[in-house]
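# Summary of the model geometry
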Amino acid sequence: METGEHMRKPIPVRIAGFAARGPAPDLNAALDEMIYDVTSRALTSAEMTIDDISGSCMAASDLNDGRAISTMTLTGSTGSFRKSEMRICNDALAAVQLGWAEVASGASEALMVCSWSKLSDADPAAILPLAIEPALHRALHFHPGAIVQLRASAQTGQATVTAPRVLRPVDTAAAVVLVPDGAGGRGARLTGFGASMGPYLLPHGDVLTPVRTAVVDACTRAGRTPADLRQVHVVGMHEIDNVELADAFGVPESVISRQADRDMDLGYAAGLVGLIDVLAAGPSGPAVVVSGGGLAYENAHAVVVEVS
Amino acid sequence: MTTQAAVLGFGQTKLKTSRTDAGATELVFEAVSAALADADTTIDEIDAIVFASAPEVFEGVYEPDRWCVDGFGGVGKPLMRVHTGGATGGSGPLAASRLIASGMYETVLVVGLQRTSETADAQAVFTTIFDPIYEQDVQLNVISGIALVASRQMKHYGLTIDHMAWISVKNFDNALRNPFAHLHKKITEADVKASRPIASPLRLLHTCPRSDGAAAVVMTSADRAAKRSHAAYVKGLGCAADVYRIGDRIHDDESDFAIPRAQAWSAQEAYRDAGIQNPREELDVVEVYAPFANLEIAYYESLGLAPKGRGIELVETGATAMDGDIPVVPSGGCMTANPIGATGLIRFGEAALQVMGRAGDHQVDGAQLALASACGGIDQFYTTAILSSSAN
C-alpha cells in the first residue's frame, strides 16, 4: 500500500463539459446512439467540437454490452477516429484517472472520457457466474452478496446472514471532456485520486479496506483531509449502509450521498455517472466520488473534485 | 515539464498452445517474477499496476485481473485493466507511460495475460463482434479480413506468394534463436506454399499460432532508471483508431485497405515525439505485431521503412532479415507466438531488450533505437512505441 511520503500532488485538470443519459431499464437506443448522444452533448457543453479532442479514454464491459468486443464498432460515436483510443475494464473512475494522466502528461490537450453499460442487451444472470472461480465457487452458486456476508462473518467472528439486495440492470451512458487546468478556467477541477485492489475472495481484512484506502489516498494527494469534504458520493456498494461508509471514511454520515437508486447496476459507468451527479448538483468545495467494483468492492477508485 | 518513462525489466513465460501446467495466476506469477528479477526490483517498489488482457470471452473468466491479483502482487495496490482488443499489450505500456509522465506514479508494473486455449475458437469470437443480421453471415473474422488486405496488396502493389513465404521463413528462423517462442521449427518456402489454405491467399504458415502465455514489464521514471545498470527509455508513443466499417476505409490513395493507415497515423505520432525524420535510417530494429506475413510487408510502408507500394523491395533485398540493415522481429514475432492480449507487451519488451543489449541470441548488434507496435481488430487499432538506449 502506498504511503503519504510517496504521494505527490497531481497536476490538476479541469472538466470542461459533461453529459449523461439514463439510467433507465432500457433506453431503447442503439449502443452507438447512446454513446454519441452523451459525447456530442459533452462537447457542446464544453463549447468544443470533435476536432478539439485528441482521443478518447473509455470504460466499458463487453459482457455488459452483450458483445464480444463492443468498442470495436464504436470509434465514430466515442470520437476516437484517427485519434488515440484507450479502454479500461474497471469502474469509469479508473478511466477518469488515465484520461487525467493523458492530459496532465501533455499527451492530450483535450480528451473525451466516456463510459456506458447496456445491460438491456446482455444477460446479467449469465455474467455473474463468470466472475466466480469455476471449479468450486461457481458450482456452489456463490453470489457477490454472499461473499460480502462471508467476509463480514470472518471479520466479526460471527455468522452474518442477511437477505441479499438484488441489483436491477439498467442502461446508461456518460461522458466528460478533460482539459489542462487553466485552459479557459471553466469547469470543476480534479485534484486527487486514489485506487486500491483487494484480494480475490480471501476474507482477510475489512471489506471496506480498499475503498477506504482509495478515499484516503485521493484526499492526501489533493492536500485535503476528510474534514474538508463537503460531499462523499458513493457509487455501487449497495450492500453497505451509509453509517458504515461514514465510519470507514472518517466523515459525518450527513456528508455521504448515494446514487438515486442504490440497487441499480450501472456497470463500469457507475463512477462517471456519480461524478456527473456531483457536478450537476454543484456543491461548493471539495467532494470525493468513490466506487467499489468486483465481487466484494475490492476494486476501489476515488477522485477528489472541486467545484468552484 | 513531464517525466520521461523507462523500462527497467522484462519477463515472459514460455509460450505454448496450451499451458496445462499453469493456471492464469501461475502464468502471471512466472512472468512478473522474471520481470522483477530482470529489473532488480521488488514488488514493494511497485506503485501501481496496469493489467493488459483482451476480451473475457478468450479467458472464459470475467475480470481476470481480479482472479490473478495474488499472482502478480496486486493486492493493496492501485490497478487498472486495459483492453483494446489485439492492441491491448501495446496499450498497457502506453497507459503506464502516461501515468509515469504525469507524475501520478513513479514505478508501474505492466502485466499481460492471455490463455487463448480457454477459447474453443477465437475466430468465432471475432465473428460475433459484428451485426448479427447484416454482417455475421459473411463470417468476417481477423483471418478472412486480413486475406482481403493481402488480395489488395497483390492487386495494387505487386505482393506475391513468394514475398509472403520469405517473411514466414525469416520469422521462423528468427524464432529458433528465441527460447520463449511458441513455434520452434525450421521451415522452407516450399513448406509455406504447400501448407493448408486458410483464407485465400493466406495459408497456415502465413499465419500466427494461438498461444497461452504472460508477460510483464517494469517501468519507472527516467531519473530512477538512470541509476540502474540497464534501462530502455521511452522516446515516443502513438496510438490511433480507424473506423470499423471496411467500406469506409477505401476511398483515396491514403485509404486503400492495403497499407494500414491507422498504423501510419500511430507511427507518425510516435516519430514526432521521438524526433525521428527518417525511420529507415534512424531505427536499428523493429518489433511489429504482424500476425500474418502480408501484414508485415504492409507495415514496412505504413511505418515509413519503405515508400508507398515498395515494401516488397525490403523482402527482395533481404533488408529486414537478421543480417539486413533494418531487422524486423528478430524474436520471431507474432507469427511464431501469439498470446493475443500479451503479444503487444512482448513486442514492447523485446524492443526494450534490444536497446538494452540483452536480447541474447537474437540480439541485433549495436541496437540503440527500436520500434514496437501492436494491432487490434481487422487492421483497426494501433499503438507504436519508440525505445532508446539513452534518455532524452
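Look up: the structure comes first, before these words.
The present account deals with the structure reproduced in this document. If you're wondering where the values come from, they're calculated on a predicted model, not measured in any experiment.

Taken together, the contact between chain A and chain B spans 57 residues of the former and 54 residues of the latter. On the chain A side of the contact with chain B, M72(A), R82(A) and M197(A) bury the most area, a combined 16% of that side's loss. Across the chain A-chain B interface, the total number found is 2 salt bridges. R66(B) is the partner of E298(A) in a salt bridge, and the nearest nitrogen-oxygen pair spans 3.1 Å.

On to the pairing of strand β11 (residues 381-388) of chain B, then. Residues and elements named next belong to chain B. Most of β11 sits inside the fold, with 8 of its 8 residues counted as buried. Alternating residues of β11 divide into F381, T383, A385 and L387 and Y382, T384, I386 and S388, and every residue in both groups is buried. Alignment of strand β8 (residues 232-241) against β11, held across 8 bridges, turns out to be antiparallel. Residue pairing in the sheet places L237 in a bridge with A385 of β11. Inspection of the sheet shows strand β10 (residues 369-376) paired to β11 by 8 bridges, in the antiparallel sense. Each residue of the ladder has a partner; that of A372, found in β11, is A385. A loop of 4 residues connects β10 with β11, the two strands running antiparallel in sequence, and G377 in this loop sits at a positive phi of about 70°.

Let us look at empty space enclosed by the protein. All names here are of chain B. Evaluation of the coordinates by the stated rule reveals 8 cavities of 30 Å³ or more. Its volume calculated, the largest cavity comes out at about 60 Å³. Along its surface, the largest cavity is lined by G90, P93, L94, L237, G344, F348, A372, S373, A374, T383, T384 and A385. Classifying every residue of the lining of the largest cavity gives 7 nonpolar, 5 polar and no charged.

Further remarks concern the nonpolar core. The biggest cluster of nonpolar side chains holds 154 residues, and the ones touching the most others in it are L190(A), F249(A), L275(A), V290(A), V305(A), F72(B) and M219(B). Per-element tally for this core: the top contributor is helix α4 (residues 92-104) of chain A, with 10 residues. Counting 68 residues, the second largest nonpolar core, distinct from the first, contains A54(B), A122(B), L314(B) and I378(B).

Before going further, it helps to examine the environment of K9(A). Residues and elements named next belong to chain A. Mapped onto the secondary structure, K9 falls in the segment before β1 (13-24). C-alpha of K9 to C-alpha of G79: the two residues are 70 residues apart in sequence and 30 Å apart in space. Those residues within four positions of K9 in sequence are excluded, and the remaining contacts are R221, A222 and G223.

The next thing to look at is the packing of aromatic side chains. Within a pair of aromatic rings, the relevant descriptors are the distance that separates the centres and the angle that separates the planes. Per the counting criterion, the structure on display carries 6 aromatic pairs over all chains. Measuring from ring centre to ring centre gives 5.6 Å for F193(A) and Y105(B), while their planes differ by 85°; the resulting arrangement is edge-to-face. On the criterion of chain membership, the pair formed by F193(A) in strand β7 (residues 188-197) and Y105(B) in the loop between α4 (88-101) and β4 (108-115) is interchain, its members lying in two chains.

Let us now look at helix α10 (residues 261-274) of chain B. Residues and elements named next belong to chain B. Helix length check: α10, at 14 residues, gives a terminal C-alpha distance of 20 Å against a target of 20 Å (1.5 Å per residue), a fit within 8%. Among the residues making up α10, those that are buried are R261, A262, Q263, A264, W265, S266, A267, A270 and Y271. Its buried side turned inward, α10 meets β8, α11 (279-282), α12 (293-302), β10 and β11. Once α10 finishes, G275 follows within two positions and takes phi at roughly 70°, a positive value.

All names here are of chain A. Reported here for the largest pocket is a volume of approximately 880 Å³. The wall of the largest pocket is formed by 39 residues, among which L128, P144, L167, D265 and G294 lie closest to the centre. Elements with a minimum of two residues in the lining of the largest pocket: α5 (124-130), α6 (144-156), β5 (168-169), β8 (231-236), β10 (264-265) and β11 (285-293). For the lining of the largest pocket, the element with the highest residue contribution is α5, accounting for 4 residues.

Below, the discussion takes up the side chain of E85(A). Following the sequence through the fold, E85(A) ends up in strand β3 (residues 84-88). Buried within the structure, E85(A) lacks any salt-bridge partner; R87(A) is the closest side chain of opposite charge, at an N-O distance of 7.1 Å. Beyond its immediate stretch of four places on either side in the chain, E85(A) contacts S56(A), M58(A), T71(A), T75(A), T78(A), S80(A), T84(B), C239(B), A241(B) and F381(B).

This next bit is on unusual backbone geometry. Cis peptide bonds are those with omega within 30 degrees of zero, and the linkage from G22(A) to P23(A) qualifies with 0°. Within the element layout of this structure, P23(A) appears in strand β1. For the bond from S200(B) to P201(B), the omega torsion is 5°, close enough to zero to count as cis. Here P201(B) lies in the loop between β5 (197-199) and β6 (202-203). Residues other than glycine seldom take positive phi values, yet N28(A) does so here, at roughly 50°. Locating N28(A) in the fold gives a position in the loop between β1 and α1 (31-45). The phi torsion at V329(B) lies on the positive side, around 45°, for a residue other than glycine. Relative to the helices and strands, V329(B) resides in the loop between α13 (311-316) and α14 (340-356).

About the thresholds
- Residues numbered from 1 in each chain as written.
- Chains lettered and ligands numbered in written order.
- Predicted model: local features only at pLDDT ≥ 70, side-chain atom pairs only at ≥ 80, totals over all residues.
- Heavy atoms only, no water.
- Contact = heavy atoms within 4.5 Å.
- Buried area = accessible area lost by both parts, 1.4 Å probe.
- Salt bridge = Lys/Arg side-chain N within 4 Å of Asp/Glu carboxyl O.
- Buried < 20%, exposed > 50% of the residue type's maximum accessible area, 1.4 Å probe, protein only.
- Helix = DSSP H or I, 4+ residues; strand = E, 2+ residues; numbered from the N terminus.
- Pairing = 2+ DSSP bridges.
- 1 Å grid on protein atoms, 1.4 Å probe; cavity = no way out; pocket = protein on both sides within 12 Å on 5 of 7 lines; lining within 4 Å.
- Points joined across faces, edges and corners; volume = space filled by probe spheres on them.
- Nonpolar A, V, L, I, M, F, W, Y, C, P; charged D, E, K, R; others polar.
- Core = buried A, V, L, I, M, F, W, Y, C linked by side-chain atoms within 4.5 Å.
- Phe/Tyr/Trp six-rings, centres within 6.5 Å; stacked < 30°, edge-to-face > 60°.
- Expected span 1.5 Å × (residues − 1).
- Lys, Arg positive; Asp, Glu negative; His and termini not counted.

These results come straight from atomic positions and should not be treated as a statement about function.
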